[in-house]
Amino acid sequence: MAHFSRWAPVAGGILASLPISDALKGRKSLRCEAKQSLPVVVLGGGVMGLSTAWSLCRRGVKVELLDANHSEKGSWGETRIARVSYADPVMLRLARRSYELYEELKKEHREPLMCPTGCLDVGFDRRSLDGLAKTYEELGQSYERLSHRQVAERWPMLRLSDDYVEASVFCPAGDAVLASVVLEALKEQVQQLGGPAAYVESPVVSIDRAKKTVTTEDGKTIAYSKLVLAGGIWSNQILSLMGLPLLPLVTSVEQQTYYATPEGTEELFSAGKLPVVLEHNPSPEPEMKRRGGYMIPHVSNGVDGVKFGMHRQGPLMDHEDFPMVPGAFAAAQRYFACAGTRAERLWSQRWPEEEDSHLREETDAFARRILPDLSIEKSELTMRCPYDQHLYADEDFVVGVHPEDPDIIVVCGFAGEGFKFGPAIGEMAATLVTGDSFAVPESVQRFRLNRPSLLLLS
Ligand SMILES: Cc1cc2nc3c(=O)[nH]c(=O)nc-3n(C[C@H](O)[C@H](O)[C@H](O)COP(=O)(O)OP(=O)(O)OC[C@H]3O[C@@H](n4cnc5c(N)ncnc54)[C@H](O)[C@@H]3O)c2cc1C
């Protein structure tokens, strides 16, 4: 079996001939020093692993990138939402930083990575919408509050349910991200910056932290100076390979449905004619983790139809590939919205291939609440997709140096929110490797691994 699967060859030269952002100028000494040492091994070739590799290569750090090529990875698929619509100021600043880096990636890739749409936040939860508007105000983010009538005037296909709060929040910073194009752009940049021309495409099966080596299923052993674990839903499996304690992570299987547009109206439902939409739903119980719904308009050359999904409402996976800390079952029962709405089907023992009728009913109802002219009874495509969720007592991501091994940096727990933050998280992980400061320093403390979990409270 071959060790390497070649990425498409790209034109272009070496690191020295490429423009790098002002923030990275003046790091030549680090680059030269790092080039002579063992590589930083990045384990995981989703958006987080690739973004980390990109950021490290921009700093001149030698990188080796490994990926098992799991088909059901979180970064799979054609589109994602990018937005700054977070009521939490740190998350908003992190999203802004990611937008800046996406812009730098686009300049280097020279092809669009996103379709600009703007982002409309709607829903039943007035406190949540007011909180978002307040943060926009405080951070000088341009936005508008819109009545249902104003929404319909601007986007004629959007006719918001009377059950919604009559004060939606629109922010021009919102996009449909072309996810697969982003992954290709990151691979291309890693290669252009002198990084590996391909990743080692074989699952890592053992990690020796004393010798600082990883070994892949096809027998390749690679020594590392630092190891960045960006393993998505497999993070606990890989931690156990390292002999490190499991983190409070759980995996859920979510669902996305593309609804058909009536004959001849596709254009009216496309990016440019519609914003991306977020629905704010109050949780069944106040202590439960946040949930909601999202809509992404049709993108040209993409899958036919308009994409809808419910956020964090799919069943959780009880499978040996996704080991869990003791107590995870009880905590999930209490803190996950899917538990509140469908206790009897909280856990799934196998990867479900078929459509989930409960999630389908939920997206049907959401689609009727915002786009009643869609052909809601007719779906073009339904897909299942994993979220790497966690049982920490907050909604933050899990990014930090491992408390038991300073050479291991863990990057996971994105719970369906990660793609937009990819380049910023990659930069954060790279700074944890190099010791540089990060643009949103508060996130370093907040995202650390050893913070309070919900397990003790169950
Ligand atoms: C349905 C759905 C909708 C989403 N919508 C949005 C959205 O609108 N906006 C947004 O910002 N985010 C969204 N997300 C979330 C976002 O896509 C994820 O947070 C992100 O893609 C996770 O990337 P990752 O790199 O952490 O994990 P992954 O993409 O899962 O990558 C992990 C990688 O690790 C590799 N790996 C695992 N085990 C091994 C091993 N033993 N050896 C080597 N490699 C290994 C796998 O092959 C995989 O490639 C959505 C996610 C889903 C599923």
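Only a predicted model underlies this, so the values are computations on that prediction, with no experimental measurement involved. Per chain, residues are indexed from 1 in the order of the written sequence. The predicted nature of this model means local features are confined to residues of pLDDT at least 70 and side-chain atom pairs, given and counted, to a pLDDT of 80 or more, with totals for whole chains, interfaces and linings taken over all residues. With hydrogens and water set aside, each side-chain value is computed from the structure's full complement of heavy atoms.

### As for the side chain of H311
Argument step 1. Runs of H or I in DSSP of at least four residues are treated as helices and runs of E of at least two as strands, each being numbered from the N terminus. Here H311 shows up in strand 18 (residues 306-311).
Argument step 2. Whenever a nitrogen or oxygen atom comes within 3.5 Å of another N or O atom, the pair is scored as a polar contact, on the condition that within protein one atom can donate a hydrogen and the other can accept it, and that pairs from neighbouring residues in sequence are kept only if both atoms are in side chains. Only 3.3 Å separates the side chain of H311 from the side chain of E417, close enough to count as a polar contact.
Argument step 3. Sequence-distant contacts of H311, defined by excluding residues within four places in its chain, comprise E254, R291, G292, G293, Y387, A415, G416 and E417. Contacts: residue pairs with any heavy atoms within 4.5 Å of one another.

### Quick notes on unusual backbone geometry
Argument step 1. Even without being a glycine, K212 presents a positive backbone phi close to 60°.
Argument step 2. Relative to the assigned elements, K212 resides in the loop between strand 11 (204-208) and strand 12 (213-216).

### With respect to the pairing of strand 3 (residues 63-67)
Argument step 1. Exposure categories follow from relative accessible area, calculated using a 1.4 Å probe and restricted to protein chains: below 20% of the type maximum is buried, above 50% is exposed, and the middle band is partly exposed. With respect to burial, strand 3 is a largely interior element, five of its five residues being buried.
Argument step 2. Neither face of strand 3 is open: one carries V63, L65 and D67, the other E64 and L66, and all of them are buried.
Argument step 3. Summarising the sheet, strand 2 (residues 40-43) and strand 3 pair through four bridges and their orientation is parallel. Across the sheet, residue V41 finds its bridge partner in strand 3, namely E64.
Argument step 4. A crossover gets the label right-handed when its path from the first strand over the helix to the second runs clockwise, viewed with the strands pointing away from the viewer. In this region the chain leaves strand 2, passes through helix 2 (residues 47-58) and returns to the parallel neighbour strand 3; the handedness of that crossover is right-handed.
Argument step 5. Where strand 3 lies against strand 10 (residues 198-201), two bridges are found, and the strand directions are parallel. Its bridge partner being in strand 10, D67 is matched across the sheet by E201. Any two strands with at least two DSSP-identified bridges between them are counted as paired.

### So, the confidence of the model for the protein
Argument step 1. Here the protein shows a mean pLDDT of 89. Residues at 70 or above account for 90%.
Argument step 2. Each residue carries a pLDDT value, the predictor's own confidence for that position, ranging from 0 to 100. Overall, residues 1-35 carries pLDDT values under 50, and its contacts beyond four positions in sequence, including any with other chains, amount to 59 contacts.

### Digging into the environment of L160
Argument step 1. Take L160: it is sitting in the loop between helix 5 (148-154) and strand 8 (168-171).
Argument step 2. When the C-alpha atoms of L160 and I370 are compared, they prove to be 4.7 Å apart, with 210 residues separating the residues in sequence.
Argument step 3. Residues within four places of L160 in sequence aside, it is in contact with V122, H148, V151, S168, R369 and I370.

### Quick notes on the packing of aromatic side chains
Argument step 1. Aromatic pairs are defined between Phe, Tyr and Trp rings, using the six-membered ring for Trp, whenever the two ring centres lie within 6.5 Å; interplanar angles under 30 degrees are classed as stacked, those over 60 as edge-to-face, and all others as tilted. In total, this model carries eleven aromatic pairs according to the counting rule given.
Argument step 2. Arranged with centres 5.2 Å apart and planes meeting at 75°, the rings of F124 and Y164 form a pair that is edge-to-face. With F124 in the loop between strand 6 (119-123) and helix 4 (126-138) and Y164 in the loop between helix 5 and strand 8, this pair connects stretches of sequence that are 40 residues apart.
Argument step 3. You can call Y164 buried: its relative accessible area is 5%.
Argument step 4. Arranged with centres 4.2 Å apart and planes meeting at 35°, the rings of F329 and W347 form a pair that is tilted. Within this pair, whereas F329 is found in helix 8 (residues 328-335), its partner W347 is found in strand 20 (residues 347-348), the two being separated by 18 residues in sequence.
Argument step 5. The class for F329 is partly exposed, based on a relative accessible area of 38%.
Argument step 6. Looking at W347, the relative accessible area reads 17%, which means it is buried.
Argument step 7. The structure contains a cluster of three or more aromatic residues connected by ring pairs, namely Y86, F397, F414, F421 and F447.

### Brief notes about the packing of helix 3 (residues 89-109) against helix 11 (residues 422-434)
The axes of two packed helices give the description: the angle between them and the distance between them.
Argument step 1. For helices, the axis comes from a line fit to the C-alpha atoms of the stretch in contact; other axes are also lines fit to C-alpha atoms, and the angle between any two N-to-C directions lies between 0 and 180 degrees. At a minimum axis separation of 7 Å, helix 3 and helix 11 run at an interaxial angle of 95°. As judged from the angle between their axes, helix 3 and helix 11 are roughly perpendicular. Seen from helix 3, the contacting residues are L94, R97, S98, L101 and Y102; seen from helix 11, they are G422, P423, A424, I425 and E427.
Argument step 2. Charged means Asp, Glu, Lys or Arg here, nonpolar means Ala, Val, Leu, Ile, Met, Phe, Trp, Tyr, Cys or Pro, and polar covers whatever is left, Gly included. Its residues assigned to classes, the contact of helix 3 with helix 11 shows six nonpolar, two polar and two charged. Should an angle fall under 35 degrees it is taken as roughly parallel, and over 145 as roughly antiparallel, whereas 65 to 115 is taken as roughly perpendicular and any remaining angle as oblique.

### Looking at the environment of K187
Argument step 1. Along the chain, the position of K187 falls in helix 6 (residues 179-192).
Argument step 2. Between the C-alpha atom of K187 and that of L50, which follows or precedes it by 137 residues, the distance is 6.7 Å.

### Some thoughts on the site of the ligand
Argument step 1. Whether a residue is near a molecule or strand is decided by its heavy atoms; if any one of them lies within 4 Å of it, the residue is near. Around the ligand, the structure places 33 residues, and the nearest of them are D67, S75, I81, C385 and K420.
Argument step 2. K73 has a polar side-chain atom sitting 3.4 Å from an oxygen atom of the ligand.
Argument step 3. Contact between the ligand and G418: an oxygen atom at 3.1 Å from a main-chain N or O atom of the residue.
Argument step 4. With residues, only the protein chains shown are counted as cover, and all accessible areas are computed by Shrake-Rupley using a 1.4 Å probe. Summarising the interface, the protein chains cover 98% of the accessible area of the ligand, which totals 1000 Å² for the free molecule.
Argument step 5. Of all the elements, strand 21 (residues 375-390) adds the most residues to the shell around the ligand, at three residues.
Argument step 6. Considering only residue class, the shell around the ligand consists of 16 nonpolar, twelve polar and five charged.

### So, helix 6
Argument step 1. Between its first and last C-alpha, helix 6 extends 20 Å over 14 residues, near the 20 Å set by a 1.5 Å rise per residue.
Argument step 2. Across the 14 residues of helix 6, ten count as buried, placing the element largely inside the fold.
Argument step 3. Of the positions making up helix 6, those classed as buried are A179, V182, L183, A185, L186, K187, E188, Q189, V190 and Q192.
Argument step 4. If you follow the buried residues of helix 6, they end up packed against helix 2, strand 4 (79-83), helix 3, strand 9 (174-178) and strand 10.
Argument step 5. Count one or two residues on from helix 6 and you reach G194, which has phi positive near 90°. To estimate how far a helix should extend, the number of its residues minus one is multiplied by 1.5 Å.

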